[in-house]
Amino acid sequence: QLQDMSMANDLLNARVADLISDLEEVMHERDAQQQDNLALKEQICELERRNAALRQELEAAQSKGDDDANLHLDVVVGLGGTSRQVVTSPSSTVADLKHELEAALGIPVRAQRLCCNTTQLDGDRTVLECVLPRATINLVKVDPRPQIFA
């Protein structure tokens, strides 16, 4: 009976050691996630500071009554493609910008998809309504032909 109790005690000790090891692993993963979260929070704070500075710059230009203050936009063609700076008027529409890009890059308007962050830019909205000054716009070239699905 003493031998059975000793074996049970050994099994219990082994199980406790396994649980402690699992707990240490979970705590390590949690610490790593907390570090990742901290890094993401710092990135968000930096983006918010840049956003606030750009909005102040925009408000300053608007308060001067300078409606034609130019917007400087970086247009990235394709995924990880070349970047090109475009200067346009805040009153230009997205359609106007597409025509400017067609003239500059030779990509037909109907083959252009413009995105800023996760938003596709379309319609008669002005560029100023869609993007902040010095924003990056992604231009994706698509096949302009209609797709037929079977």
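Located above this text is the structure these notes cover.
Criteria and cut-off values
Residues numbered from 1 in each chain as written. Predicted model: local features only at pLDDT ≥ 70, side-chain atom pairs only at ≥ 80, totals over all residues. Heavy atoms only, no water. Helix = DSSP H or I, 4+ residues; strand = E, 2+ residues; numbered from the N terminus. Contact = heavy atoms within 4.5 Å. Pairing = 2+ DSSP bridges. Axes fitted to C-alpha atoms, helices over the stretch in contact; angles between N-to-C directions. Disulfide = S-S within 2.5 Å. Expected span 1.5 Å × (residues − 1). Salt bridge = Lys/Arg side-chain N within 4 Å of Asp/Glu carboxyl O. Buried < 20%, exposed > 50% of the residue type's maximum accessible area, 1.4 Å probe, protein only.

Enquirer: Break down the side chain of Gln 112 for me, with residues and values.
Expert: Relative to the assigned elements, Gln 112 resides in strand S3 (residues 112-116). What Gln 112 contacts, discounting residues up to four positions off in sequence, is Lys 98, Leu 101, Glu 102, Ile 107, Leu 139 and Val 140.

Enquirer: Any details on the sheet that holds strand S2 (residues 83-88)? Residues and values, ideally.
Expert: Here five strands make up an open sheet; going across it, the order is S2-S1-S5-S3-S4 and the pairing mixed. In this open sheet, the two strands that pair with only one neighbour each are S2 and strand S4 (119-121). Neighbour-to-neighbour, the strand axes of this sheet turn through a mean angle of 35°, independent of strand direction. Sheet topology places S3 next to S4; three bridges connect them, and they run antiparallel. Its bridge partner lying in S4, Cys 115 is registered against Gln 120.

Enquirer: Could you give me a rundown of the state of the cysteines, with the residues and numbers involved?
Expert: Within this structure, the stated rule accounts for zero disulfides. Cys 130 takes part in no disulfide bond, and the closest cysteine sulfur, belonging to Cys 116, lies 8.4 Å away.

Enquirer: Residue-level account of helix H2 (residues 94-105), with values.
Expert: The end-to-end C-alpha distance of H2 is 16 Å, a good match for the 16 Å that 12 residues give at a rise of 1.5 Å each. Close packing links the buried residues of H2 with strand S1 (71-77), S2, S3, S4, helix H3 (127-130) and strand S5 (136-141).

Enquirer: Describe the pattern of salt bridges, listing the residues and the values that go with them.
Expert: All told, the structure shown has three salt bridges when counted by the stated rule. The partner of Asp 31 in a salt bridge is Arg 30, with the nearest N and O atoms 3.3 Å apart. Classification of Asp 31 as partly exposed rests on a relative accessible area of 33%.

Enquirer: Before we move on, could you go through the environment of Thr 136 and cite the residues and values that matter?
Expert: Along the chain, the position of Thr 136 falls in strand S5. In this view, Thr 136 contacts Asp 74, Val 76, Cys 115 and Cys 116; residues no more than four positions away in its chain are not counted.

All quantities given are derived from atomic positions and should not be read as evidence of function.
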